[in-house]
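Report on the structure
Chain by chain, the residues:
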Amino acid sequence: MCSIQSSFVPLMDFYSLSTYALPNLKNVPSFLRLPSPKACNHHSRLRAVLPIEEIPPNALRRKNDPQWRGGFSLGVDLGLSRTGLALSKGFSVRPLMVLELRGQKLELGLLEIAENEEVDEFIIGLPKSWDGKETPQSNKVRSVAGRLAVRAAERGWRVFLQDEHGTSTEATYRMINMGLGKGARQRSIDAYAAVMVLERYFQTSGEGTELVLPKQLDLQHKLQKGPPKDIDFYPE
């Protein structure tokens, strides 16, 4: 497992400014209208076999059962050289860090962070154009998401894709309203974009998120079973 301590831009100075209560979700469309994922034409190994209802995202679980506990989510804004991360624990979302890793080191770094933060799902922003169409960058994100989904499934963790159109602009406005200077905005734009991805995901209770499944049936069964129960939430 690679060490990531020297490969990220910390955002500790901004934590006190970056906790946001999520809006009321009572008007979100019902669970029964959540669409099942379609077969992915980009990479045959990402074809979804199980309906998303069998492996629901944490946002949907929270909507259907207000008493449901656990299920921390890691928002991921993938870039060419920088990857922004945001974390959801409870009912707040905060920027976490910006990784300057690529390839296998990035994937291992994401898994290490998920382990440390007790995360059980990744919400990865999928680039789309203003009219909802996918872009050349979408294919690159799908490739990373597919590889990460295989590694994550070994641990019972899930990977979802969330439309991220406009999140960078929203992140910039958020930081300006917070009073962050230009330099601070440049350092943390990727992490705040990941915040926007997570907030959009929770605002819609996972409506429209795409479950990324490895093609191996044994890994799909691990996803159905889920990760081991957290003893902090479910003491023996």
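Residues numbered from 1 in each chain as written. Predicted model: local features only at pLDDT ≥ 70, side-chain atom pairs only at ≥ 80, totals over all residues. Heavy atoms only, no water.

1. A word on the nonpolar core
Counting 30 residues, the largest nonpolar core has Leu-74, Leu-85, Leu-110, Phe-122, Ile-124 and Val-159 as the members making the most contacts within it. When near neighbours in sequence (up to four residues on either side) are disregarded, Leu-85 contacts Leu-74, Gly-75, Val-76, Pro-95, Leu-96, Met-97, Leu-99, Leu-110, Ile-113, Ala-191 and Ala-194. Grouped together as the second largest cluster of nonpolar side chains are 25 residues, Ile-55, Ala-194, Tyr-201 and Leu-213 included. (Core = buried A, V, L, I, M, F, W, Y, C linked by side-chain atoms within 4.5 Å. Buried < 20%, exposed > 50% of the residue type's maximum accessible area, 1.4 Å probe, protein only. Contact = heavy atoms within 4.5 Å.)

2. Focus: the packing of helix H2 (residues 103-116) against helix H3 (residues 136-153)
Geometrically, a packed helix pair is captured by the angle between its two axes and the distance between the axes. At their nearest, the axes of H2 and H3 sit 10 Å apart, and the two run at 40° to each other. Overall, the two elements H2 and H3 adopt an arrangement that is oblique. For the pair H2 and H3, the sense of crossing is right-handed. On the side of H2, the interface is formed by Gln-104, Glu-107, Leu-108, Leu-110 and Leu-111, while H3 contributes Arg-147, Leu-148, Arg-151 and Ala-152. In the contact of H2 with H3, the residues fall into five nonpolar, one polar and three charged. (Axes fitted to C-alpha atoms, helices over the stretch in contact; angles between N-to-C directions. Helix = DSSP H or I, 4+ residues; strand = E, 2+ residues; numbered from the N terminus. Parallel < 35°, antiparallel > 145°, perpendicular 65-115°, else oblique. Left-handed = near helix turned anticlockwise from the far one by under 90°. Nonpolar A, V, L, I, M, F, W, Y, C, P; charged D, E, K, R; others polar.)

3. As for the packing of aromatic side chains
Throughout the structure, instances matching the rule amount to two aromatic pairs. Between Tyr-201 and Phe-202, the ring centres sit 4.7 Å apart and the planes meet at 65°, which makes this aromatic pair edge-to-face. Side by side, Tyr-201 and Phe-202 carry an identical accessibility label, which is buried. (Phe/Tyr/Trp six-rings, centres within 6.5 Å; stacked < 30°, edge-to-face > 60°.)

4. A word on helix H6 (residues 217-225)
Burial in H6 covers these residues: Leu-219, Gln-220 and Leu-223. Seen along its axis, H6 keeps its buried residues to an arc of 105°; they face one direction. Opposite the buried face of H6, at more than 90 degrees from it, the exposed residues are Leu-217 and Lys-225. Remark: Gly-226 follows H6 within two positions and exhibits a positive phi of approximately 85°. (Arc of directions from axis to C-beta.)

5. Focus on the pattern of salt bridges
Across all of its chains, the model carries twelve salt bridges by this definition. Glu-100 is the partner of Arg-82 in a salt bridge, and the nearest nitrogen-oxygen pair spans 3.3 Å. Placement of the pair is Arg-82 in the loop between strand E3 (72-77) and strand E4 (83-89) and Glu-100 in the loop between strand E5 (92-99) and H2, with a sequence separation of 18 residues. With its nearest N and O atoms 3.1 Å apart, the salt bridge here joins Arg-158 to Asp-120. Here Arg-158, found in strand E7 (residues 158-163), pairs with Asp-120, found in strand E6 (residues 119-126); they are 38 residues apart in sequence, far enough to count as distant. (Salt bridge = Lys/Arg side-chain N within 4 Å of Asp/Glu carboxyl O.)

6. Let's talk about the side chain of Ser-88
Note that Ser-88 resides in strand E4. Setting aside residues up to four positions removed in sequence, Ser-88 forms contacts with Arg-62, Phe-72, Ser-73, Val-93, Leu-198 and Phe-202.

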